[in-house]
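Listed below are the residues making up each chain.
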Amino acid sequence: MSELLSRVGALLARATEVYRHDPRAAGWLGRHTAALAGPLRIAVVGPPGAGASTLISALVGEAVAPLPDCPMWTTWYVAGSTPSATAHLADSPPRRLPAERRVGRPWLDLSGLTGGPVEKLTLEWPVRGLRGMALIDLAPDVAADPRRAAAEADAVIHLTAGPTAADPRTLRALGDSPIAATGLSTVVALGRADEAGGGRIDALTVAKQLARQHRRDPRMWTLCQDVVAVSGLLGLAGRTLSEDEVAALGAIALAPRAELDVHLLSADRFTAADFPLQQPVRLRRLLLDRLGLFGLRLCTTLIRQGFTSHAALCAQLVARSGLVELRDAITRSLTDRADVLRARTALHALHALLRNEPADPGLAAELDRVVAGAHEFTELRLLAALHTGQVELPDEITEEAHRLLGGAGSTTAERLGLPDDTDPAELRAVAAGQLRRWQWFAADDEWTNSSRRAADVVVRSCSTLLAADVRW
Amino acid sequence: MTVPRWLDVLDATIGVCSTHRRPDLAAPLERKRAALAERTVRVVVVGQQNQGKSQLVNALVEAKVCGVGDHVTTPAPVVIGHASTPTAALVQAEPDRGPRRGPSRRRRVGVEDVANRTSVGLNAVGAGELVQAEVGIPRPLLAEGLVLVDTPAADHARVLDVVAEADAVLLVSAATHELSTAELEIVERVHRLCPTIALVLTKIDIAPRWRRVADRNRARLAAAGIAADVFPVSATLRLTAPGARDQALATESGFGDLTAYLWELAARPEALVARSVRAMATAALDQLADPLRRSAVVPVAGTADAIARWHAAQQRLELLRRDAVSWQTTLTDDITDLMADIEFDLRDRTRRILREVDRYFDGADPQQDWPDFADWLDSKLSEAAGTNLDWLMDRFDWIGGRIRRDRLAYEAPAALTDGEGLRAIADRFAPVEATGYPERPTMERFTPSQKLFVGLRGSYGGILMFGLATSLAGWPLINAVSLGAGALFAAKTVHDESGARLRRRQATAKAAAQRHVDDFFLSVSKETKDLVRRWHRSARDQIEHTATHLRDGIVADAASAKQVVDEGAAEQQQRTARISAQLEQLARIQSAVAALAPSPAARHRLPA
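Here the structure is a predicted model, which means the values were calculated and not measured.

What counts as what
Residues numbered from 1 in each chain as written. Chains lettered and ligands numbered in written order. Predicted model: local features only at pLDDT ≥ 70, side-chain atom pairs only at ≥ 80, totals over all residues. Heavy atoms only, no water. Helix = DSSP H or I, 4+ residues; strand = E, 2+ residues; numbered from the N terminus. Buried < 20%, exposed > 50% of the residue type's maximum accessible area, 1.4 Å probe, protein only. Contact = heavy atoms within 4.5 Å. Areas by Shrake-Rupley, 256 points an atom, 1.4 Å probe, with all protein chains shown as cover. Core = buried A, V, L, I, M, F, W, Y, C linked by side-chain atoms within 4.5 Å. Phe/Tyr/Trp six-rings, centres within 6.5 Å; stacked < 30°, edge-to-face > 60°. Lys NZ or Arg CZ within 6 Å of the ring centre and 35° of its normal. Salt bridge = Lys/Arg side-chain N within 4 Å of Asp/Glu carboxyl O. Axes fitted to C-alpha atoms, helices over the stretch in contact; angles between N-to-C directions. Left-handed = near helix turned anticlockwise from the far one by under 90°. Nonpolar A, V, L, I, M, F, W, Y, C, P; charged D, E, K, R; others polar. Parallel < 35°, antiparallel > 145°, perpendicular 65-115°, else oblique. Patch = residues over 30% accessible without salt bridge, like charges linked within 9 Å, V, L, I, M, F, W, Y side chains within 5 Å. Lys, Arg positive; Asp, Glu negative; His and termini not counted. Charge placed at Lys NZ, Arg CZ, Asp CG, Glu CD. Pairing = 2+ DSSP bridges. Polar contact = N/O pair within 3.5 Å; in protein donor to acceptor, adjacent residues only side chain to side chain. pLDDT = per-residue confidence, 0-100. Expected span 1.5 Å × (residues − 1).

Draft legend 1. Fine view of the overall build of chain B. Secondary structure summary: chain B contains 18 helices and 11 strands in total. Here chain B holds 608 residues, and the buried ones make up 44% of them. Of the contacts formed within chain B by residues at least 6 apart in sequence, a portion of 81% connects residues at least 24 apart. By element, 55% of the accessible surface of chain B is carried by carbon and sulfur atoms, the whole surface being about 30,500 Å².

Written out as structure tokens, the structure reads:
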């Protein structure tokens, strides 16, 4: 646990002591104290039908979402040693539900679930993909209210309804949420990337180009950390296609090209009765559901190009679906900064509590001290200020400052712009060089005050790097 | 050729818009009139970004006229009409005049350039220089008088202007998702401007569940009360079809039905015109009627104020009535208290004087001291009467002050129960004179002859008693001893008699003083009561006078307010009559409009 997190923990403990006679406030603080020790909570938010559940399944690597027979409940997916589920009810203690894996999907016994409405359902699932985070599929009514969504999560993956739907104007609505106020905890996923270009074979490439365009658009910088095009459908297919399904695809791909292309023109044609191969309509419908028309076109092309084995085809699908980029973005922008983001959520919550039910002026002062003293927040604020142009540095070193502040990843090597396997001694030397360089910038008379203050922050980041290096 | 009915209705509507000084409503109608005069059927393609609007238009005219692609969006409307040879022109705003409705210039370009010029990057800003692109190509459908208009994404500012000039609207939504709330809002907005709407469900080639989406969309449109046909199409299949020359593919693309629908529209321009004129005119008339209806209920300026004033006056009058009663009650109560207090005070003072009189005459001989006593009693009584009167005056002042304070709220004229009149009354008040100086009572005197007689009578017993006793000793009856005893007895009897007489005189004097004080009390209390009553009467009259004065002021105020209200009501009536006349005129035109065409109803066809 980082120093910041322990300071926030101590602050929350003190607040719990102050509010011990107020059950509601104590409960609220208790939840946030627990969350501080738990995994990073990431909510997947998007309009209905955008494919939030599919994307969660793709990220998990198994078809876990949506849970069968769990209508419209907020569902948490967390890593666990065995499949298990806990229902959190509105007016009674949490209840464990029998759960197991059946045909690769979760199965829950909801028969014993009586009493008040379910507030949320936590599914523990033994899978590596969930390590260090909790993915949250929000109930539609919660997802529609950014503030409630904010109370649930440390970070947000904002999923758009289509590859072209990421309009800064619609994204700005997210800005209402305190956790996404400066876009620090948001990653935008352009959903349904496979529908770009009307499902032509270059759809994913087109979608990725669109994501790049958005990433370069200065208006997006304050709204999110990264923009990634992703096709949840293909990603999930890549993670879960069975050998049989790959075999069936192989058979289809081997059909005469001219004949096949005619049947890949539309979804109706693929499932039509005059299909050249002796495959039951049910199988073809299943494949269409799993892959979409674009997925079928892509798979047949890939198989013809030689990716015939199950492993090779699936790897290609995952790679092309944008899932890898999304995972990277999540790691770089969210989980690597988990401590800061969790601390931020807890501090936001405490701030809200102190504002609504002021109890102890000393506590508010302590909160201010923690917020002001945390260099991590100073870095994030400066990053946002650099993005929005509130603070300007000479062009040639803006990129460098961005990197040193952790804007491109928060490990020492990433901050210094060196490969991950760089020798520690070299890291130290480079960090020391950067420190001297920025100290010099910070003392430059020709710079404006705000620029010199920004340089000071970078100096502090550099010295933190050196200090951390010594500790290791 | 007869002038069509819709033209009359449209002209009437434009006329009424001008009469109501609403050029903003008249202008689109006039544009519509000009557009209708061209005898073409304008079909506008509307939808959100990247639903495939431009691709649909391209597929309909089987040419790459509009720019398509995921990276790009259409910045300005593209109008596609018939021309025997392909022509194209770009209408651009003068750069320094702004993009909207400013003076613009037309520039001829090649048809193939239009696609490039009408596709800009998704996030491009400031691309508004292009006002409109116009393309003419030889197509049988277009030759029939159909004009297709491709539009920017539906949230673009100019789209509704374009829709206002439309005869029919194709709303485009991809089959990969159901109609969103935003899209339904667009449909509803468009429906108000142009009632002939069809929903084109694009991209059915890549949407395996398009049939379900189509059903859901139909249900949603029906729930919103919008009659619209739904055409599931695939522009991709259609654009593939001519190359493959595949009849089945052409059918599957769904364009057969859509084209048939467009032919039908082109063939019945009159019905469409009537329908869209009806919608536009209805919208314009509604906008005219709304402010009229609102203004009909707005009261004439100042009336509200007058009504408020009138109500306030009524309220004040009621308050005043209550207060005046309460003043009088307070006064009466105070006076009753005053009477009791004053009488008690006077009684108390005279009693104390009487007690002093008693004490005085226990010792003094009224025979000698009466003149002194009379002076003293007179001064004492005068003093008592004066103190009592002073107190009375103080009480008057106090009561008067209290009532004055109560009346302060009314800003009543002063000069009511001031002291002057009362002082005059009090000065005339002379209770002591009324009773007079204490009269000396008749008291019996003890004269020397009476004393002699009494002494002789007393001495008789002594002489006899002692004479007889001494006679036993042989002394004569009259001797020195008996004579001495007789003298002693005489002196004693005279002394006793004079004491008894003094007491009798004292009793008489006391009785006389008592009588005098009683007389004094009676007359003074009578005078005081008279004075209080007079004062009460004058105070009562003054209060009455004040109340009347105040009431007169308020009533006058109320009357003036009432007059204003009455005048306002008359004016209001006139205006209501005027407005209802105008509304009636609007209603006449409205009914003419309504008679133009029946409401369109969707035929709910499904392609095979």
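Draft legend 2. Main features of the overall build of chain A. For chain A, the count of helices and strands is 22 helices and 11 strands. Among the 472 residues that make up chain A, the fraction classed as buried is 50%. Taking the intrachain contacts of chain A between residues at least 6 apart in sequence as the baseline, contacts between residues at least 24 apart amount to 73%. Of the roughly 21,000 Å² of accessible surface on chain A, 55% is carried by carbon and sulfur atoms.

Draft legend 3. Structural context of the nonpolar core. Residue and element names in this part refer to chain A. Residues Val-8, Leu-350, Phe-377, Leu-393 and Trp-438 are the most contacted members of the largest nonpolar core, which totals 51 residues. Take this core: its biggest share by element is eight residues, from helix α22 (residues 449–471). By size, the runner-up hydrophobic cluster in this structure holds 45 residues, among which are Ala-52, Val-64, Tyr-77 and Val-230.

Draft legend 4. Focus on the packing of aromatic side chains. All chains considered together, the criterion is met by 12 aromatic pairs over all chains. Measuring from ring centre to ring centre gives 5.2 Å for Tyr360(B) and Phe361(B), while their planes differ by 70°; the resulting arrangement is edge-to-face. Given the relative accessible area of 31%, Tyr360(B) is considered partly exposed. Residue classification places Phe361(B) among the buried residues on the basis of a relative accessible area of 0%. Counting every residue linked through ring pairs, the aromatic cluster contains Tyr360(B), Phe361(B), Trp370(B), Phe373(B) and Trp376(B). One residue, Arg102(A), lies across the ring of Trp107(A), its end atom 3.8 Å from the ring centre. Sitting over the face of the ring of Trp310(B), Lys562(B) holds its NZ or CZ atom 6.0 Å from the ring centroid.

Draft legend 5. Representation of the pattern of salt bridges. Counting across every chain of the model gives 32 salt bridges over all chains. The partner of Asp348(B) in a salt bridge is Arg352(B), with the nearest N and O atoms 2.7 Å apart. One end of the pair is Asp348(B) and the other is Arg352(B), both in helix α13 (residues 303–363) and four residues apart, which spans about a single turn. A residue is classified by how much of its surface remains accessible, and Arg352(B), at 43% relative accessible area, is partly exposed. Through salt bridges with shared partners, a single ionic network connects Arg14(A), Glu366(A) and Arg369(A).

Draft legend 6. Local environment of the packing of helix α17 (residues 448–472) of chain B against helix α18 (residues 480–594) of chain B. All names here are of chain B. Relative orientation of the contacting elements α17 and α18 amounts to 145°, with a least axis distance of 6 Å. In this structure, α17 meets α18 at a crossing whose hand is right-handed. Facing Gln-450, Lys-451, Val-454, Gly-455, Gly-458, Ser-459, Gly-462, Ile-463, Met-465, Phe-466, Gly-467 and Thr-470 of α17, the residues of α18 in contact are Val-481, Ser-482, Leu-483, Ala-485, Gly-486, Phe-489, Ala-490, Thr-493, Val-494, Glu-497 and Arg-501. Classifying every residue of the contact of α17 with α18 gives 10 nonpolar, 10 polar and three charged.

Draft legend 7. View of the packing of helix α1 (residues 3–18) of chain A against helix α17 (residues 361–373) of chain A. All names here are of chain A. Two elements in contact, α1 and α17, have axes whose closest approach is 11 Å; the angle formed by their N-to-C orientations is 170°. Overall, the two elements α1 and α17 adopt an arrangement that is roughly antiparallel. Where α1 approaches α17, its residues Arg-7, Val-8, Leu-11, Arg-14, Ala-15 and Val-18 are matched on the opposing element by Gly-362, Leu-363, Glu-366, Leu-367, Val-370 and Gly-373. Class assignment for the residues of the contact of α1 with α17 results in seven nonpolar, two polar and three charged.

Draft legend 8. How the structure looks around the environment of Ile342(B). Positionally, Ile342(B) belongs in helix α13. Not counting the four nearest positions on each side in its chain, Ile342(B) is found in contact with Asn388(B), Trp391(B), Leu392(B) and Thr528(B).

Draft legend 9. Local environment of unusual backbone geometry. Unusually for a residue other than glycine, Arg192(A) sits at a positive phi of about 50°. With respect to the helices, strands and loops of the structure, Arg192(A) is situated in the loop between β10 (186–190) and α7 (203–216).

Draft legend 10. Summary view of a positive patch on the surface. Residues and elements named next belong to chain B. A contiguous patch of positive charge on the surface is contributed by Arg-347, Arg-351, Arg-355 and Arg-359. Position of Arg-355 relative to the elements: it lies in helix α13. The exposure class of Arg-355 is partly exposed, given its relative accessible area of 46%.

Draft legend 11. Inspection of the sheet that holds strand β3 (residues 84–89) of chain A at higher detail. Residue and element names in this part refer to chain A. Read from one edge of the open sheet, nine strands run β4-β3-β7-β2-β8-β1-β9-β10-β11, paired in mixed fashion. The open sheet has two free edges, formed respectively by β4 (95–97) and β11 (226–229), since each of these has just one partner strand. Between one strand axis and the next, the sheet turns by 25° as a mean value, whatever way the strands run. Sheet analysis places β3 next to β4, joined by three bridges and oriented antiparallel. By the bridge assignment, Thr-86 is partnered in β4 with Arg-96. In this fold helix α3 (residues 52–60) packs onto β1 (40–45), β2 (74–79), β8 (133–137) and β9 (155–159), with an angle of close to 160° to the strand it touches most, β8.

Draft legend 12. Seen up close, the environment of Asp268(A). By the secondary structure assignment, Asp268(A) is in helix α12 (residues 267–270). Owing to a relative accessible area of 24%, Asp268(A) belongs among the partly exposed residues under this scheme. Discounting chain neighbours no more than four positions away, the residues touching Asp268(A) are Trp210(B) and Arg211(B). Here Arg211(B) takes part through its side chain, which lies 3.2 Å from a polar atom of the side chain of Asp268(A).

Draft legend 13. Main features of the pairing of β10(A). All names here are of chain A. Among the five residues that make up β10, five are buried, leaving the element largely enclosed by the rest of the structure. Judged by which residues are buried, β10 turns out to be covered on both faces: Thr-186, Val-188 and Leu-190 on one side and Val-187 and Ala-189 on the other are all buried. In this sheet, β10 lies alongside β9 in parallel orientation, the contact comprising four bridges. Bridge pairing in β10 places Val-156 opposite Thr-186. The pairing of β10 with β11 spans four bridges and is classified as parallel. Opposite Ala-189, over in β11, you have Val-228 as the bridge partner.

Draft legend 14. Highlighting the pairing of strand β4 (residues 87–93) of chain B. Residue and element names in this part refer to chain B. With six of its seven residues buried, β4 lies for the most part within the structure. Pairing of β4 with strand β7 (residues 130–137) involves six bridges; the strand directions are antiparallel. In the sheet register, Leu-90 faces β7, and the bridge partner there is Ala-133.

Draft legend 15. Quick look at the confidence of the model for chain B. All names here are of chain B. Averaged over all residues, the pLDDT of chain B is 79; the fraction at 70 or higher stands at 86%. Predicted confidence is poor over residues 413–417, with pLDDT under 50, and the contacts of this stretch with residues over four places away or in other chains come to 10 contacts. Under the prediction, the complex receives an ipTM of 0.75, its pTM being 0.65.

Draft legend 16. Spotlight on α18(B). With 115 residues, α18(B) should reach 171 Å at 1.5 Å per residue; the first-to-last C-alpha distance of 162 Å fits that figure. Where α18(B) starts, the residue carrying a side-chain oxygen 3.0 Å from the main-chain nitrogen of Val481(B) turns out to be Asn479(B).

Draft legend 17. Structural view of the confidence of the model for chain A. Residue and element names in this part refer to chain A. Predicted confidence across chain A gives a mean pLDDT of 81, with 91% of residues reaching 70 or more. Taken element by element, chain A is modelled with least confidence in helix α6 (residues 168–172), mean pLDDT 59, and with most confidence in helix α14 (residues 310–321), mean pLDDT 90. Confidence drops under pLDDT 50 across residues 176–180; counting only partners more than four residues distant or on other chains, this segment forms 17 contacts.

Draft legend 18. Representation of a nonpolar patch on the surface. All names here are of chain B. On the surface, Tyr-460, Leu-464, Leu-468, Leu-477, Ile-478 and Leu-483 cluster together into a nonpolar patch covering about 580 Å² of accessible area. Sorting elements by how many residues they give to the nonpolar patch places α17 first, with three residues. The topology assignment puts Leu-483 in helix α18. The partly exposed category is assigned to Leu-483, whose relative accessible area is 44%.

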